[in-house]
Amino acid sequence: MTKFLALLKVSIQSMLLSSTNSRGRSRKKAATGTGAIIVIAGLGLYLSGFYSYMLMQVLAPSHMEVLVFIFMGMVALAGGLLFTTFAVKGVVFGGKDNDLLLSMPVPSTLLMASRVTAIYLENLLFSAFVLLPAGVVCTMMTQNGVGHSLQFWVRLAIAALVLPLLDTALSVLLGALMAFLAAKVSKGALGQNIVTGLFLVVVFYFSFNANKMIGALAANAAGIKDSLNWAAPLLWMGEGIMGDWGLLLAFAACCVISFALVVFGLGRVYRQAVTAFAARAAQSNYKLSTQSASSQKKALFRKEAQRFFGTPMYFWNAGLGLILLLAAGVASLILRDKLLVYLGMAGENIPLLPMAAAVICFCLCTCPIAAPSVSLEGKYLWILRETPISDHTLLWVKVGFQLLLTLPCTVIAGACISIALGFQLWQGAALLIATLLFAVGHAMFGMLMGLTFPKLDAVNETVVIKQSLATTLAMFVPMAVLAAAGGLYWLGSQISGWAAFAFSILLLVLLTAVCAAILSKRGPTMLRAL
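Residues numbered from 1 in each chain as written. Predicted model: local features only at pLDDT ≥ 70, side-chain atom pairs only at ≥ 80, totals over all residues. Heavy atoms only, no water.

K.L.:
Looking at this structure, how should I read the overall build of the protein?
P.N.:
Helix and strand content of the protein: 23 helices and zero strands. Residue burial in the protein is summarised as follows: out of 530 residues, 47% are buried. Long-range pairs, those at least 24 residues apart, make up 83% of the contacts in the protein between residues at least 6 apart in sequence. With an accessible surface of roughly 26,000 Å², the protein has 71% of that area assigned to carbon and sulfur atoms. (Helix = DSSP H or I, 4+ residues; strand = E, 2+ residues; numbered from the N terminus. Buried < 20%, exposed > 50% of the residue type's maximum accessible area, 1.4 Å probe, protein only. Contact = heavy atoms within 4.5 Å. Areas by Shrake-Rupley, 256 points an atom, 1.4 Å probe, with all protein chains shown as cover.)

Now the structure itself:
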């Protein structure tokens, strides 16, 4: 048990606390881990509270509260998969400390169990903050006394404890599949990107059609429940929470057995799986052909592009905002008539220009491409530094790669939104000037954060991209700047229209110039100090 707890502690730290380059500063690491826990718990609490309330409003009159727990179980299951599937790929099968841990005198099954238990604890956190608030909402809004007995809360607690076991088993299987594709299939990254894209399409579809679905649920709750036979374990969970102990025990057995099969099944071959996933398949189809040559900068740009598009974790976390930006621009043209109707209903005094700029800039804030780029070099950073390329060029190539992606998307989205909203020529030009300035400043600031808070010893790319302090600051500090620009726009509007625009642009110009000056003068020195 002592060995298991020690391995579990290492696994949890690898998953949650390895978010900065603070060696020996336990307070800073603990604060970062606490922040990650608060984010997960807060998201679960928000989703459960909001949707449970909406569902209870339509289901309580027909005494179909069981559907609330079935749907919240689906939310907990889907959210857990979203949070932990990539973590399984990176922490369980792709951790850089796997070789060290596997060389220790501990069974591979025990190591596998400690890794998977860390994933279970994260799923447990999210599941508890989804199911327990749903129980509170159900107790407050029910019309048949559900939730007014101690046994109800005991059954709900059991469901919240065992549901993450099923979630963890599915996450481990999907993570193993993704690790296999990444290691053995030549187009593994493309396949992972396609799967992730389809998953996000499904998430956005349900998000945008939630109100319509809830309306249909109110009209035919019993029929919808009968149609959910494909989700039998969740039906057992819902009925069990409502009072059927037999179905609750069947659900618990299903979750426990699934978890045990995955842990002991993969645990027996864990050493072989980690070794196989770490190895690359050798190719035998070599052909003698003419080799192409390119300039140093083109080679560096190609290297950045291969890492960005070839690392699904990097692409979807740092590139999703660009996809949403293009989608918003195209949607504004397609749905122009409906958009104008809604704006007309809201009144004529809506500041459309700053609102459009805020939407574009917010999407750009979610695209920290340059911030993790230095840390992603990891132990191979010395290779770049030994090449006959100046440190100044290396930094600006990384900044330029982000601009190569963000500037065209910004121009396309700005032009589409300007046409859809009927902006005059000067308004469209002002929108493009403000958003392009923000895009340039954001790229340089992200590079500065990557140099200031590097994580070259991260166990995997998940830690660098999702949990590093550099990435976090590269996202949220520009959001604060965006809020400050909005405040200056409001102050300027009290004087005149041109003053509102001038104040905001002046702030962006100033901050962009400061970032450019610091990066040019201090950037190469900061890079050499790594």
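Let us keep going from here.
K.L.:
Teacher, can you tell me more about a nonpolar patch on the surface here?
P.N.:
A grouping of V330, L333, I334, L335 and I419 is seen on the molecular surface, where their side chains present a nonpolar patch of about 470 Å² in accessible area. Per-element tally for the nonpolar patch: the top contributor is helix α14 (residues 312-334), with three residues. (Patch = residues over 30% accessible without salt bridge, like charges linked within 9 Å, V, L, I, M, F, W, Y side chains within 5 Å. Salt bridge = Lys/Arg side-chain N within 4 Å of Asp/Glu carboxyl O.)

K.L.:
Quick question: what am I supposed to make of the packing of helix α22 (residues 469-493) against helix α23 (residues 497-528) here?
P.N.:
Helix packing geometry: the angle between the two helix axes and the distance between the axes. Where α22 contacts α23, the axes come no closer than 6 Å and their chain directions differ by 150°. In terms of orientation, α22 and α23 fall into the roughly antiparallel class. Judged by the sense of rotation from one axis to the other, the crossing of α22 with α23 is right-handed. Where α22 approaches α23, its residues V481, A484, A485, L488, Y489, G492 and S493 are matched on the opposing element by A499, A500, F501, F503, S504, L507, L508 and L511. Grouping the amino acids of the contact of α22 with α23 by side-chain chemistry returns twelve nonpolar, three polar and no charged. (Axes fitted to C-alpha atoms, helices over the stretch in contact; angles between N-to-C directions. Parallel < 35°, antiparallel > 145°, perpendicular 65-115°, else oblique. Left-handed = near helix turned anticlockwise from the far one by under 90°. Nonpolar A, V, L, I, M, F, W, Y, C, P; charged D, E, K, R; others polar.)

K.L.:
For this particular structure, what's the right way to read the pattern of salt bridges?
P.N.:
Two side chains that carry opposite charge are able to pair once their charged atoms sit near each other. Tallied over the entire structure, the rule returns six salt bridges. E304 is paired through a salt bridge with R307; the nearest N and O atoms lie 3.8 Å apart. With a gap of three residues between them, E304 and R307 both fall in helix α13 (residues 296-310), about one helical turn apart. R307 shares its class with E304; the two are buried.

K.L.:
How do you make sense of the environment of P233 when you look at a structure like this?
P.N.:
For P233, the location among the structural elements is in helix α10 (residues 232-242). With 160 residues separating them in the primary sequence, P233 and G73 have C-alpha atoms 9.8 Å apart. Excluding its chain neighbours within four sequence positions, the residues that come into contact with P233 are F251 and C254.

K.L.:
Where do I start with unusual backbone geometry in this structure?
P.N.:
What is expected of a backbone is that most residues other than glycine have negative phi and most peptide bonds are trans. With a phi angle near 55°, H63 is a residue other than glycine that sits in the positive phi range. By the secondary structure assignment, H63 is in the loop between α2 (26-59) and α3 (66-92). Judged by relative accessible area, H63 falls into the partly exposed class, the value being 44%.

K.L.:
Help me understand helix α11 (residues 245-268), please; the structure alone is not making it clear to me.
P.N.:
One turn of an α-helix holds 3.6 residues; hence residues three or four places apart share an orientation. The terminal C-alpha atoms of α11, which comprises 24 residues, lie 34 Å apart, in line with the 34 Å expected from a rise of 1.5 Å per residue. Among all positions in α11, only L248, F251, A252, C255, F259, V262, V263 and G267 are buried. Where α11 begins, the capping side chain belongs to D244, and its oxygen is found 3.1 Å from the backbone nitrogen of G246. (Expected span 1.5 Å × (residues − 1). Polar contact = N/O pair within 3.5 Å; in protein donor to acceptor, adjacent residues only side chain to side chain.)

K.L.:
Would you mind going over the side chain of T139 with me for this structure?
P.N.:
If you trace the backbone, T139 turns up in helix α5 (residues 108-141). Here T139 falls in the buried class, since its relative accessible area comes to 18%. Other than its neighbours up to four places away in sequence, T139 contacts V146, G147, H148, F152 and W153.

K.L.:
Looking at this model, I keep getting lost on the packing of aromatic side chains. Mind explaining?
P.N.:
To describe a pair of aromatic rings, one takes the distance between the centres and the angle between the planes. A complete count under the given rule lists eleven aromatic pairs for this structure. Between F308 and Y314, the aromatic rings sit 5.2 Å apart at their centres with planes inclined by 80°, giving edge-to-face as the arrangement. Every member of this aromatic cluster is reached through a ring pair, and the members are F308, F309, Y314, F315, W316 and F401. (Phe/Tyr/Trp six-rings, centres within 6.5 Å; stacked < 30°, edge-to-face > 60°.)

K.L.:
How should the nonpolar core be read in this particular structure?
P.N.:
Nonpolar side chains in soluble globular proteins generally cluster together in the buried interior. Membership of the largest hydrophobic core comes to 70 residues, with the highest contact counts inside it found for L67, F93, L163, M237 and Y270. Take this core: its biggest share by element is 14 residues, from α5. Grouped together as the second largest cluster of nonpolar side chains are 43 residues, A318, A357, A413 and L482 included. (Core = buried A, V, L, I, M, F, W, Y, C linked by side-chain atoms within 4.5 Å.)

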